[in-house]
Amino acid sequence: MTKIAFIGLGNMGGGMCANLVKAGHAVAAFDLNGEAVAAAAAKGARAAASVADAVKDADVIVSMLPAGKHVLGVYFGPDGVGAHAAKGTLLIDCSTIAVTDAREAHSQAEQAGFLMVDAPVSGGVAAAEAGTLTFMAGGTAAAYERAAPILKAMGKNIFHAGGAGNGQAAKIANNMLLGISMIGTCEAFNLAEKLGLDAETFFRISSVSSGQCWSMTSYCPAPGPVPTSPANRDYKPGFAVAMMLKDLHLAADAAKAAGADIRLGEMAEGIYQNLSERGFDGLDFSGVMKDLKGEL
Ligand code: NAD
């Protein structure tokens, strides 16, 4: 049993916190939203009144927050974790944030005498609730070893991606590929249909041919072939356009800083930006299919 403070009990954090309780840990839960704290308490966590209250006797702090500014604020802002947690505490940030922000957090954590891993996740709300997330962690081997059993209580696949920020690097490179492959899959199904193939026929062929990819076989953007995909519920998310756009912005910023050529990544960013500007932030990211068909 480990004493854990969990900060950020939103769509993802709520389920992750509940799984830490289920695994037998003593969890103090905090969020700015009192209803989220009450929901965590109903599942066995202690309701904390502030960051200070949550972390006061924690050995490990786990966070699941919207973006880098929230993470840096919660950990190292006024009255944040840095001012209240004991030296040697392990910080595990699972939010998806910029590689540069993650590396800044690692550097401040080290200066303050904490261990840290950036451990963003792949998998959505259902995986957070089921405890089947994939974690990609960046940090020292010592920090990763301490974090691994905690991450295992919330996920199925756990990877050490290397040093500080490498978890975020793995996450945004993966999600850039996902954005590109989803748009490509939508274009292929649309082209096949225009040329006279129905979605089922094209799926049967392409899913065992060289065009096969996760966007097709697990999350098919054409209604029919994969019953669980959002295409079968009018593209309700799932993984929304706004979330994909956030990750593509992070990838574009990181690529610029690193001097990496991501021309398709930038095109994907433009396509999701356009959907967002037209008011489709809440559409599943496979809804590009609807746009190609002229249905938006
Ligand atoms: P969310 O907006 O539902 O939850 C974020 C929570 O953080 C909210 O409850 C908010 O009140 C809380 N919060 C914000 N600032 C705070 C502060 N200063 N102190 C305490 N609590 C604070 O977001 P989410 O969907 O749970 O996503 C969280 C992170 O996970 C994001 O970085 C996102 O990119 C990433 N992610 C989300 C998904 C998904 O499918 N939703 C999948 C993979 C990764």
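Residues numbered from 1 in each chain as written. Predicted model: local features only at pLDDT ≥ 70, side-chain atom pairs only at ≥ 80, totals over all residues.

Going by the annotation in an unreviewed UniProt entry, the name recorded for the protein chain is 3-hydroxyisobutyrate dehydrogenase, with Hyphomonas neptunium given as the source organism. Quoted verbatim from the Pathway (unreviewed entry) field of the UniProt record, the comment on the protein chain reads "Amino-acid degradation." Entered under Sequence similarities (unreviewed entry) in the UniProt record, the comment concerning the protein chain runs "Belongs to the HIBADH-related family." (UniProt positions renumbered as here; feature names shortened; annotations may be inferred.)

## Digging into the overall build of the protein chain
Tallying secondary structure elements over the protein chain gives 14 helices and 9 strands in all. Against the 2.2 N^0.38 benchmark of 19 Å for 296 residues, the protein chain shows a C-alpha radius of gyration of 20 Å, consistent with a compact globule. Scored against the burial criterion, the 296 residues of the protein chain give a buried share of 48%. Counted over contacts in the protein chain with a minimum sequence separation of 6, partners at least 24 positions apart contribute 63%. (Helix = DSSP H or I, 4+ residues; strand = E, 2+ residues; numbered from the N terminus. Rg over C-alpha atoms; globule rule 2.2 N^0.38 Å. Buried ≥ 20, exposed ≤ 12 C-beta atoms within 10 Å, placed from the backbone. Contact = placed C-beta atoms within 7 Å.)

## Points about the domain arrangement of the protein chain
Under the domain assignment used here, the protein chain contains domain 1 (3-163) and domain 2 (169-292). Computed from C-alpha coordinates alone, the two centres of domain 1 and domain 2 are separated by 29 Å. Every contact between the two is made by 9 residues of domain 1 and, on the other side, 11 residues of domain 2. For the side of domain 1 that touches domain 2, the per-class residue count stands at 5 nonpolar, 4 polar and no charged. (Domains from an automatic or database assignment. Nonpolar A, V, L, I, M, F, W, Y, C, P; charged D, E, K, R; others polar.)

## Some words on the site of the ligand
Among the 26 residues in the neighbourhood of the ligand, the closest are listed as Gly10, Asn11, Met12, Thr96 and Gly124. Secondary structure elements with two or more residues in the shell around the ligand: α4 (68-76) and α12 (241-258). Here the residues of the shell around the ligand are counted per class, giving 14 nonpolar, 10 polar and 2 charged. Two domains each put at least three residues into the shell around the ligand: domain 1 (3-163) and domain 2 (169-292). (Near = placed C-beta within 6 Å.)

## A word on the environment of Gly238
Here Gly238 lies in the loop between α11 (214-217) and α12. For the pair formed by Gly238 and Ala164, sequence separation is 74 residues and the distance between their alpha carbons is 29 Å. If near-sequence neighbours (up to four positions away) are discounted, Gly238 is found in contact with Gly124, Pro230 and Asp284.

## So, the UniProt feature "domain: 6-phosphogluconate dehydrogenase NADP-binding" (unreviewed entry) in the protein chain
UniProt records the feature "domain: 6-phosphogluconate dehydrogenase NADP-binding" (unreviewed entry) at residues 3-162, using the numbering of this structure. Counting secondary structure, residues 3-162 comes out at 42% helix and 25% strand; the distance between its end C-alpha atoms is 26 Å.

## Quick look at the pairing of strand β5 (residues 90-93)
Because side chains alternate across β5, one face comprises the buried residues Leu90 and Ile92, and the other comprises Leu91 and Asp93, equally buried. Direction of pairing for strand β4 (residues 60-63) relative to β5: parallel, over a ladder of 4 bridges. Residue pairing across strands places Val62 opposite Ile92, the latter belonging to β5. Note: β5 against strand β6 (residues 115-118), 4 bridges, orientation parallel. Its bridge partner being in β6, Leu91 is matched across the sheet by Met116. (Pairing = 2+ DSSP bridges.)

## Thoughts on the UniProt feature "active site" (unreviewed entry) in the protein chain
In the numbering used here, UniProt assigns the "active site" (unreviewed entry) feature to Lys171. Within the secondary structure, Lys171 is located in helix α9 (residues 166-194). Lys171 sits in the buried class, given 27 other C-beta atoms within 10 Å. Those residues in contact with Lys171 that sit more than four places away from it in its chain are Thr96, Pro120, Ser122 and Met136.

## Here we look at unusual backbone geometry
In this model, Pro237 is joined to Gly238 through a cis peptide bond whose omega is 10 degrees. A positive phi angle is found at Asp79, which is not glycine, with a value near 60 degrees. The topology assignment puts Asp79 in the loop between α4 and α5 (81-84). Judged by the 12 C-beta atoms lying within 10 Å of it, Asp79 is exposed. Phi at Tyr235 is positive, roughly 65 degrees, even though this residue is not glycine. Note on placement: Tyr235 falls in the loop between α11 and α12. Take Tyr235: there are 26 C-beta atoms within 10 Å of it, and that puts it in the buried class.

## Section: the packing of α9 against helix α13 (residues 263-277)
Two elements in contact, α9 and α13, have axes whose closest approach is 9 Å; the angle formed by their N-to-C orientations is 70 degrees. By the angle between their directions, the pair α9 and α13 is classed as roughly perpendicular. Note on element contacts: α13 touches α9 through Leu264, Gly265, Ala268, Ile271 and Tyr272, opposite Met176, Gly179, Ile180 and Ile183. Residues of the contact of α9 with α13, tallied by class, amount to 7 nonpolar, 2 polar and no charged. (Axes fitted to C-alpha atoms, helices over the stretch in contact; angles between N-to-C directions. Parallel < 35°, antiparallel > 145°, perpendicular 65-115°, else oblique.)

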